[in-house]
Amino acid sequence: MQKIYANLSVESDAPVAVVVLNRPERRNALSLELMEELIDCLRALGQSSEIRAVILAGNGPAFCAGHDLRELIDRDIRNYRRVFDVCAQLMAVIQEIPQPVIAEVNGIATAAGCQLVATCDLAVASEEARFATPGVRIGLFCTTPMVALTRAIGRKRALEMLMTGVPIDSRTAMEWGLINRVVPAATLREATHQLAAQIAEASPLTVSIGKQAFYTQIDMDQPKAYAYAKEVMSMNAMAEDAQEGMGAFLEKRAPGWQGR
């Protein structure tokens, strides 16, 4: 039986699951409760052998407006650390689960919402989507969003967003590497599902190995990255799915994945 969440809706239609942030009245702001629910949901999906890709979307006109500022007023240091600890944990879980997580961005993605997009493995946005890290304008620099943003778009572009707080449009976000594709709003869900379906055609084991290897090697220097990558690829080659896939290619037939 699928778990019911207060701040999320989940549509699990194997091989793709759609997780929707469901606080439209608060522009899907990341309350502590929502983040904890999202961590729980993603971990559960990560353990499913039937789900091969996860889409993360937002209900209403916004994808996610960042942290819920009502939880950041007149609190002590322990409360602030708790909020940002859970946020960091959420970002880690997105990249730790074996399935690719695709952000489907239908509106604004600001502050921690922009961090969410930058953290997801892939992202598709509507032409109306906007991205910003405006914390500097309210006296709270977007320091944790900075971590994901810098890794996605580089230093100079990230610093421009962080120091001005000025939003960028979806075309700019695509040019800068924050998102993968821009589509009309009317076709956003279709385009995101199409990308998820393309991923789901591959061996789930192979995709999982590749995702883990990508995040492990990305911050290594090149010699260490190659040393690590060649070992992963050697082990991958021994998997049943790799042998099946290579054999199917040579025999000009469709592969039959076993997830082993």
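Owing to the predicted nature of the structure, the values given are computational and were not obtained by experimental measurement. (Residues numbered from 1 in each chain as written. Predicted model: local features only at pLDDT ≥ 70, side-chain atom pairs only at ≥ 80, totals over all residues. Heavy atoms only, no water.)

## Examining the overall build of the protein chain
Part 1 of the argument: Counting its secondary structure elements, the protein chain contains 10 helices and 10 strands.
Part 2 of the argument: Taken over the C-alpha trace, the protein chain has a radius of gyration of 19 Å; the compact-globule value for 260 residues is 18 Å, and the two agree within 12%.
Part 3 of the argument: With respect to the principal axes defined by its C-alpha atoms, the protein chain has extents near 65 × 45 × 40 Å.
Part 4 of the argument: Counted over contacts in the protein chain with a minimum sequence separation of 6, partners at least 24 positions apart contribute 68%.
Part 5 of the argument: Looking at charge distribution, the protein chain has the averaged site of its 26 positive side-chain charges lying 5 Å from that of its 30 negative ones. (Helix = DSSP H or I, 4+ residues; strand = E, 2+ residues; numbered from the N terminus. Rg over C-alpha atoms; globule rule 2.2 N^0.38 Å. Contact = heavy atoms within 4.5 Å. Lys, Arg positive; Asp, Glu negative; His and termini not counted. Charge placed at Lys NZ, Arg CZ, Asp CG, Glu CD.)

## Re the packing of helix H4 (residues 143-153) against helix H5 (residues 155-164)
Part 1 of the argument: Close contact between H4 and H5 brings their axes to 7 Å; oriented N to C, the two are set at 140°. Looking at the two axes, H4 sits oblique to H5. Taken as a pair, H4 and H5 cross one another with a handedness that is right-handed. For the pair H4 and H5, contact is made by Met146, Leu149, Thr150 and Ile153 and by Arg155, Arg157, Ala158, Met161 and Leu162, respectively. (Axes fitted to C-alpha atoms, helices over the stretch in contact; angles between N-to-C directions. Parallel < 35°, antiparallel > 145°, perpendicular 65-115°, else oblique. Left-handed = near helix turned anticlockwise from the far one by under 90°.)

## Thoughts on the environment of Ala229
Part 1 of the argument: Structurally, Ala229 is set in helix H9 (residues 222-237).
Part 2 of the argument: On the basis of relative accessible area, Ala229 is assigned to the partly exposed category, the value being 35%.
Part 3 of the argument: Residues Ala229 and Ala65, 164 residues apart in the sequence, show an inter-C-alpha distance of 37 Å. (Buried < 20%, exposed > 50% of the residue type's maximum accessible area, 1.4 Å probe, protein only.)

## Re the nonpolar core
Part 1 of the argument: By size, the foremost hydrophobic cluster in this structure holds 56 residues, and its most contacted members are Phe131 and Leu178.
Part 2 of the argument: When sequence neighbours within four positions are dropped, the list of residues in contact with Leu178 reads Cys114, Val117, Ala118, Ala123, Phe131, Leu149, Ala152, Ile153 and Ala173.
Part 3 of the argument: Listed in part, the 14 residues of the second largest apolar core include Val20, Ala53, Val124 and Ile199. (Core = buried A, V, L, I, M, F, W, Y, C linked by side-chain atoms within 4.5 Å.)

## Thoughts on the sheet that holds strand E10 (residues 181-183)
Part 1 of the argument: Strand order across the open sheet formed by 6 strands is E1-E2-E3-E5-E7-E10, with mixed pairing between neighbours. Each edge of the open sheet is held by one strand with a lone partner, namely strand E1 (8-13) and E10. Within the sheet, the average angular offset between the axes of one strand and its neighbour, ignoring direction, is 20°.
Part 2 of the argument: One ladder, built from 6 bridges, connects E1 with strand E2 (residues 16-21); its direction is antiparallel. Considered in E2, the bridge of Ser12 is made with Ala17. (Pairing = 2+ DSSP bridges.)

## Remarks on the sheet that holds strand E8 (residues 130-132)
Part 1 of the argument: An order of E4-E6-E8-E9 is seen for the 4 strands of this open sheet, with the pairing classed as mixed. Strands with a single pairing partner mark the edges of an open sheet, and in this sheet they are strand E4 (62-64) and strand E9 (168-169).
Part 2 of the argument: As paired elements, E4 and strand E6 (residues 108-110) share 2 bridges and run parallel to each other. In the strand pairing of E6, Cys64 is matched with Ala109.

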